[in-house]
Each structure stands twice: as C-alpha cells, then as structure tokens.
Amino acid sequence: MGEIKEAFRNKTAFITGAAHGQGRATALALAKKGVRIAAFDLGKKISYPGYKLGTVEDLESLGAEISKLGGEYIYTAGDVRNDDDIRKAVHKTVQHFGQVDILFNNAGICAYGQAQDLSEEEWDTMLDINLKGAWLTARRIIPLMIEKKQGVIINNSSIAGLRGMNRLSHYAASKWGLTGLTKSWAIELAPHNIRVLSIHPTGVNTPMNDGLAELEGLTPKQVAERSAGNLIDVPWIEAEDVANAVVFLVSAEARFLTGSQFVLDAGLLTR
Ligand SMILES: NC(=O)c1ccc[n+]([C@@H]2O[C@H](COP(=O)([O-])OP(=O)(O)OC[C@H]3O[C@@H](n4cnc5c(N)ncnc54)[C@H](O)[C@@H]3O)[C@@H](O)[C@H]2O)c1
C-alpha cells in the first residue's frame, strides 16, 4: 500500500460536484491515497431540478474530513456553466497546488420528463450542466495537463450514457454526449500522455437519488429499483463503489486504459 500511496503523492485532483454524493466520496478516497483535492461545487439549490444540491457547509465539512486524514484541500463554490467561476477555481488550484493531474467531471443533475413535455429551459439546463459543463471545465485544465505531459480525465456518465431511459431523454442525451467527449478527447490527448475515460454507474445511493424520489413522491429505494434492474440483487450501488473505481482508473495500474467506458452497473446492461 505504501508504494501505491507514493504514486499518488503530490498529485492534485480537481473534482466538480464534490460537495456530496459520488464527488465527495471520490474526494475522500483520493485524499486517503495522498492526493490533494480541489473541490468545486455550486453550493446551492437551483430551480431545476429543484431537489437539494450540495451546500457550502458540505464543502467546508469535506475540508474538515480531509484535514483529519492529513490531506490538503481547497474549495471553490461555483457553477460548471460559468467560465469565470471555472477559471477562478483553476487559478486558485494552480496557486495552491501548482498543477492539476486528475480531473473528475462529476457535477450533474437529473430530472424526469417525456420529450414532448420538456421546456426548452429544462432541456438547456440539463445539457448545459451535464455536458457543456464538462467541456467548459476540461478546456481550462487540458492546457495545464498538456504542458506537464500527463493527466487523467474521468467523465461521470451513467448507464444512461449507454442505453435509452424512459422519461429521461434529455438526461440520456447529456450522458451519451459525455461518452462521445470521452472517446474524442482520448484521441486528441493520447499524444500528450493524457488518458480519458468515462464511468457508467447504475443507480447510486446519493442525495440525487433522494431528490428524485422526493420529486416523484416515491421512496429512494423505489425510485432506484424502477430505473434499475440490476442483475445483482441490490437496489443501488454506494458512492464508495464509484470512488474505488475512480481511484483505480486514475492510478498508474490503469496506465494503458483510455477512451473506454467503465461500467459499474451490478450487471444491469447485461440484460
Ligand atoms: N445517483 C445516481 O443514481 C447516478 C447514477 C449514474 C450517474 N450519476 C451521475 O453521477 C454524478 C454525481 O451524481 P450524484 O449521484 O453524486 O448526485 P448528487 O446530486 O448527490 O451530487 C451532484 C453534485 O453536483 C453539484 N452540481 C450540480 N449542478 C452543478 C453546477 N451547475 N455546477 C457545479 N456543481 C453542480 C451538486 O451541488 C452536487 O453536490 C452526476 O453527473 C450524475 O448524473 C448518478
């Protein structure tokens, strides 16, 4: 384990949507390996999707947890749709830590609606946060990685980035978009020794799932089971399962993985 920790030492991860859920679990898992964490999150609720997003208090408590682990941490509250916010956060990260070695494009929202019922505003919000936000963030970090001739970018897609989903066409479109970004960036960035991968979780037990349940008037378990259909008999996987996968994918052990889709679906897509 000592050797693995050594490989992560002095590395910095920029994580969007880090306040709670999968982003937070991944921040903690990487911090345990010695990675310095730059967290970025909206830190407030927005009208669409309307469920509770991460808060500034969450970002602060994440810092407290990481410092208990002996890790280094900074955070910025900002929106992945806002280039100014991203530039400020990336600048702050470089000032504090000198570099960004790992980008986890994880910020995202989800909401239900039949295609014919969606408003343009709902469509745009979904695509702007989940897809355009990943590009806006990456384009400020890729030049830093190119300069250092190293880096790993992980895009958090979903099983919805590899299949159709009822009442989630805008969500699925954004997540298929991330699959396309992943494959294209992998081609563009391989000559610079930068790897790009997407992950595709089934339902994950996070505040997003709780929020969707609230919007639908269901329990979190019901909402997860409705859209899932996992082969392994679980309603969802945990945020830590995703975090463990990310730790492997960004590690030196995964050095020849790029452009591919890492499915974390308890067997769902096998059906
Ligand atoms: N929960 C699931 O079932 C599930 C399954 C597969 C994939 N995913 C994807 O995983 C990622 C993380 O989801 P989660 O389950 O942890 O959800 P979550 O809602 O628990 O966490 C998402 C985080 O993203 C942040 N965020 C949202 N919009 C933002 C914006 N505009 N700018 C900056 N930050 C913003 C939120 O504040 C929140 O902290 C998302 O992209 C999601 O689509 C989720």
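Analysis parameters
Within each chain, residue numbers correspond to sequence positions counted from 1 in written order. The predicted nature of this model means local features are confined to residues of pLDDT at least 70 and side-chain atom pairs, given and counted, to a pLDDT of 80 or more, with totals for whole chains, interfaces and linings taken over all residues. The C-beta atom of each residue is placed using the backbone, and any residue whose C-beta lies within 6 Å of a molecule or strand is treated as near it. Put simply, DSSP marks the helices as runs of H or I at least four residues long and the strands as runs of E at least two long, and each gets a number from the N terminus on. Throughout this entry, Asp, Glu, Lys and Arg are counted as charged residues, while Ala, Val, Leu, Ile, Met, Phe, Trp, Tyr, Cys and Pro are counted as nonpolar. The remaining residues, Gly among them, count as polar. Every axis corresponds to a line fitted to the C-alpha atoms, with the helix fit spanning only the stretch in contact, and the corresponding angles, defined between N-to-C directions, vary from 0 to 180 degrees. Throughout, a crossing is termed right-handed when the near helix is turned clockwise from the far one, and left-handed when it is turned anticlockwise from it by less than a right angle. Residues are treated as contacting if the C-beta atoms built from their backbones sit within 7 Å of each other. Working definition of burial: number of other C-beta atoms within 10 Å of the residue's own, with buried at 20 or more, exposed at 12 or fewer, and partly exposed in between, all C-beta atoms being placed from the backbone. Here the rule is simple: two strands pair whenever DSSP picks up at least two bridges between them. Handedness of a crossover is defined as follows: orient the strands so they point away from the viewer, and if the path from the first strand over the helix to the second runs clockwise, the crossover is right-handed. These descriptions rest on fixed angle ranges, namely under 35 degrees for roughly parallel, over 145 for roughly antiparallel, 65 to 115 for roughly perpendicular, and the rest for oblique. In this description, a nonpolar core means buried residues of the types Ala, Val, Leu, Ile, Met, Phe, Trp, Tyr and Cys, linked to one another by C-beta atoms lying within 7 Å. Every residue gets a pLDDT, meaning the predictor's confidence in that residue, from 0 to 100. This arc corresponds to the set of directions leading from the helix axis out to the C-beta atoms.

What to know about the site of the ligand
Taken together, 30 residues surround the ligand, and among them Gly17, Gly21, Leu53, Gly54 and Gly108 come closest. Elements that contribute at least two residues to the shell around the ligand include exactly α2 (21-32), α5 (120-148) and α7 (207-216). In terms of residue class, the shell around the ligand is built from 12 nonpolar, 15 polar and three charged.

Quick look at the packing of helix α4 (residues 83-97) against α5
The contact between α4 and α5 brings their axes to 9 Å, and the two run at 30°. At the point where α4 passes α5, the crossing takes the right-handed sense. Between α4 and α5, the residues in contact are Asp83, Ile86, Arg87, Val90 and Val94 and Leu136, Thr137, Arg140, Ile141 and Leu144, respectively. When its residues are assigned to classes, the contact of α4 with α5 shows six nonpolar, one polar and three charged.

Quick look at the environment of Gly211
Relative to the elements of secondary structure, Gly211 occurs in helix α7. Sequence separation between Gly211 and Lys52 is 159 residues, and the spatial gap between their C-alpha atoms is 6.4 Å. With near-sequence residues (within four places) excluded, Gly211 lies in contact with Pro49, Tyr51 and Lys52.

Observations regarding the pairing of strand β5 (residues 151-156)
Across the six residues of β5, six count as buried, placing the element largely inside the fold. Both faces of β5 are covered, namely the face carrying Gly151, Ile153 and Asn155 and the face carrying Val152, Ile154 and Asn156. Judged from the four bridges that link them, strand β4 (residues 102-105) and β5 form a sheet pairing that is parallel. Bridging across to β5, Leu103 finds its partner in Ile153. The parallel pair β4 and β5, bridged by α5, forms a crossover whose chirality is right-handed. Strand direction decides the pairing type here: β5 and strand β6 (residues 194-201), joined by six bridges, are parallel.

Description of the sheet that holds β5
Read from one edge of the open sheet, seven strands run β3-β2-β1-β4-β5-β6-β9, paired in parallel fashion. With one partner strand each, in any of the chains shown, β3 (73-77) and β9 (261-264) form the two edges of the open sheet. Across the sheet, the mean angle from the axis of one strand to that of its neighbour is 15°, orientation sign disregarded. On top of the sheet, α5 reaches β1 (12-16), β4, β5 and β6; it is set at about 175° to β4, its chief contact.

Considerations on the packing of α5 against helix α6 (residues 169-189)
Two elements in contact, α5 and α6, have axes separated by 8 Å at closest approach and are oriented at 20°. Looking at the two axes, α5 sits roughly parallel to α6. The interaxial crossing formed by α5 with α6 has right-handed handedness. Across the interface between the two elements, Glu122, Trp123, Met126, Leu127, Asn130, Leu131, Ala134, Trp135 and Ile142 of α5 pack against His170, Tyr171, Ala173, Ser174, Lys175, Gly177, Leu178, Leu181 and Leu189 of α6. Per-class residue counts for the contact of α5 with α6 are 12 nonpolar, four polar and two charged.

Digging into the nonpolar core
Counting residues in hydrophobic clusters, the biggest one holds 74 residues, and the most contacted among them are Ala13, Ile15, Ala27, Ile37, Ala39, Ile154 and Val246. Residue contributions to this core peak at nine residues, all from α5. With residues up to four places along the chain from it excluded, the contact list for Ile15 reads Gly23, Thr26, Ala27, Ile37, Ala39, Phe40, Phe104 and Asn106.

Digging into the confidence of the model for the protein
Counting all residues, the mean pLDDT for the protein is 96, and 98% of those residues have values of 70 or more. Confidence scores differ between elements of the protein, with helix α1 (residues 2-8) showing the lowest mean pLDDT of 67 and β1 the highest of 99.

A look at α7
Taken as a whole, α7 has its buried residues at Met208, Asn209, Gly211 and Leu212. Looking straight down α7, one finds its buried side chains confined to an arc of 160°; they lie on one side. Turning to α7, the residues buried within the fold contact α2, β7 (204-205) and α8 (220-227).

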